Amino acid sequence: MEWSFRDEFLAATHRWYLIMLCCLLGSLAGWSVAMLWPSPVRVTKELFVGLNVYQSSNDRGAIQHAGLPFQNANDYKNWQMASLNTVIYMDSILDETLARLRTMDAYWQGVSREELAEMLHVYWRNAGKWRLVARHENQTYATQAVLAWQDVIVERVHFAVAEAQNALLFASQLEALAGARAVAEQQHALLQQAKMQLEGWRSRLTDQSPLGDDERMRLWMEFAQVAEGDRWRLAKDAFPMDSSPNRLYLAWLEEVLPLLDQEIDLTQKQIEAQDQQYAELSAQYSRALDASLGLSAELLVQKISDRKLQLTVERPTGVLILIGAAIGWIVWAMGWLIRPALRMTS
């Protein structure tokens, strides 16, 4: 008997109930899978992330964390976004999130940090809107996780940004202190040089004829270059007159040299105090830099309060029922195509 597609198709349409039965059985199978294998729920909360990229060249903390200078503002932005992405998955962030969850619900007592990390995800393309996502079979637990995670992230990032701002302040203070110390060292060197020169004058004046105008002027200039301020006024006024005997210059030097020694000691103590202050500021800068986690002082992370939680079911029951019905129809179609071939071979 010759096979006819038209006859087979008409015969199949007269047995439409078999098609419906296969689709119904497939739908029941899809529904059973949905009941036995619950679909995970994805709960999403949005954050706003902003950054002032025009301060990239001045952000010493970020440059130090990155280990290389930023070529342009885009490199700086990409580094900050990557740093923030790393920060929100830090163990300390996850531990704090888990600690807060355990105070909300006993379920979280049996959840480890690694298991929590597998539930949490973040999606972003650039600065602007970041989406925090928690994935769990239970909608309540997914909601708790994403809200607690969001709170911890915002708090920790705000703290890190505040420390980055402190680091910038300490850096500017260190720079100013380094400048002041350089001035003090220069003054200290000038005072020591002036002392050596005046001591040389004391040696020459013991066996030398009275000073001429040029020598007297040179002695005055070597003294005057370090004799600044009111504390040197009496010494300046006591400088011998023209044609004064050497003994008056020697007497004057005996009064000036101890004053120079005092000034040298004061300058040395000032340098030592500046060194101590610099060490303390450097320690504060290092602590602030570590606490900043490499984030910029210009980074802004805020909750978007008017955005509601977004709920997404990964495998909706209706979709599984439709897939089951389609599979049932495919099974019937395969049987319909195979059956004529089996009849012709028998």
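What you see is a predicted model, and the numbers here were worked out from it, not measured in a lab.

**Comments concerning the packing of aromatic side chains**
Logical step 1: One pass over the full model with this rule turns up 11 aromatic pairs.
Logical step 2: A centroid spacing of 5.7 Å and a plane angle of 75 degrees characterise the contact between F223 and W232, whose relative ring orientation is edge-to-face. In this pair, the class of F223 matches that of W232, namely buried.
Logical step 3: Each residue in the set W220, F223, W232, F239, Y249 and W252 is aromatic and connected to the rest through ring pairs, giving one cluster.

**A look at the nonpolar core**
Logical step 1: Judged by nonpolar contacts, the single largest core of 39 residues is most densely connected at L84, W108, W149 and L299.
Logical step 2: Breaking this core down by element, the ones donating at least two residues are β1 (41–51), α4 (73–87), α5 (91–104), α6 (113–119), β2 (120–123), β3 (128–136), α7 (139–205) and β4 (299–303).
Logical step 3: The biggest single contributor to this core is α7, with 12 residues.
Logical step 4: Filtering out sequence-adjacent residues up to four positions away, L299 remains in contact with V49, G50, L51, Q80, M81, L84, V157 and V161.
Logical step 5: Counting 21 residues, the second largest nonpolar core, distinct from the first, contains A194, L198, W201 and L260.

**Details of unusual backbone geometry**
Logical step 1: Here the phi dihedral of L293 falls at roughly 60 degrees; this positive angle occurs in a residue that is not glycine.
Logical step 2: Counting through the fold element by element, L293 comes out in the loop between α10 (246–292) and β4.
Logical step 3: With relative accessibility at 29%, the residue L293 sits in the partly exposed group.

**Topic: the pairing of β1**
Logical step 1: With nine of its 11 residues buried, β1 lies for the most part within the structure.
Logical step 2: Bridge analysis of β1 against β4 gives five bridges, and the strand direction is antiparallel. Counterpart to F48 in the pairing with β4 is Q302.

**Some remarks on the packing of α5 against α7**
Logical step 1: As a packed pair, α5 and α7 sit with axes 9 Å apart at the nearest point and diverge in direction by 130 degrees. Taken together, the axis directions place α5 and α7 in an arrangement best described as oblique. Between α5 and α7 lies a crossing of right-handed hand. Contacts from S92, I93, L94, E96, T97, R100, L101 and M104 in α5 reach Q144, A145, A148, W149, D151, V152, I153, E155 and R156 in α7.
Logical step 2: For the contact of α5 with α7, a count of residues per class yields nine nonpolar, three polar and five charged.

Scoring rules and cut-offs
Residue numbers here run from 1 along each chain, matching the order of that chain's written sequence. Residue-level local features of this predicted model are given only where pLDDT is at least 70; pairs of side-chain atoms are given and counted only at 80 or more, and the full residue set underlies all totals for whole chains, interfaces and linings. With hydrogens and water stripped out, all remaining heavy atoms of the structure feed into the side-chain values. In this analysis, rings of Phe, Tyr and Trp, with Trp reduced to its six-membered ring, are considered paired at centre separations within 6.5 Å, and the interplanar angle assigns stacked below 30 degrees, edge-to-face beyond 60, and tilted for intermediate values. Note on classification: 1.4 Å probe, protein chains only; a residue is buried when its accessible area is under 20% of the maximum for its type, exposed when over 50%, partly exposed between these limits. We call a set of buried residues a nonpolar core when its members are Ala, Val, Leu, Ile, Met, Phe, Trp, Tyr or Cys and they connect through side-chain atoms within 4.5 Å of each other. Each helix corresponds to a stretch of at least 4 residues labelled H or I by DSSP, and each strand to a stretch of at least 2 residues labelled E; elements are numbered beginning at the N terminus. The contact rule is simple, with two residues in contact once any of their heavy atoms fall within 4.5 Å. Should DSSP find at least two bridges between two strands, the strands are taken to pair. Whenever a helix is involved, its axis is fitted only over the stretch in contact; in every case the axis is a line through C-alpha atoms, and angles between N-to-C directions fall within 0 to 180 degrees. Roughly parallel here means an angle under 35 degrees, roughly antiparallel means over 145, roughly perpendicular means 65 to 115, and every remaining angle is called oblique. Each crossing is labelled by how the near helix is turned from the far one, with a counterclockwise turn of less than a right angle marking it left-handed and a clockwise turn marking it right-handed. In this count, Pro and Cys sit with the nonpolar residues alongside Ala, Val, Leu, Ile, Met, Phe, Trp and Tyr, while Asp, Glu, Lys and Arg are called charged and the others, Gly among them, polar.

Functional significance is not addressed by these values, which are geometric in nature.
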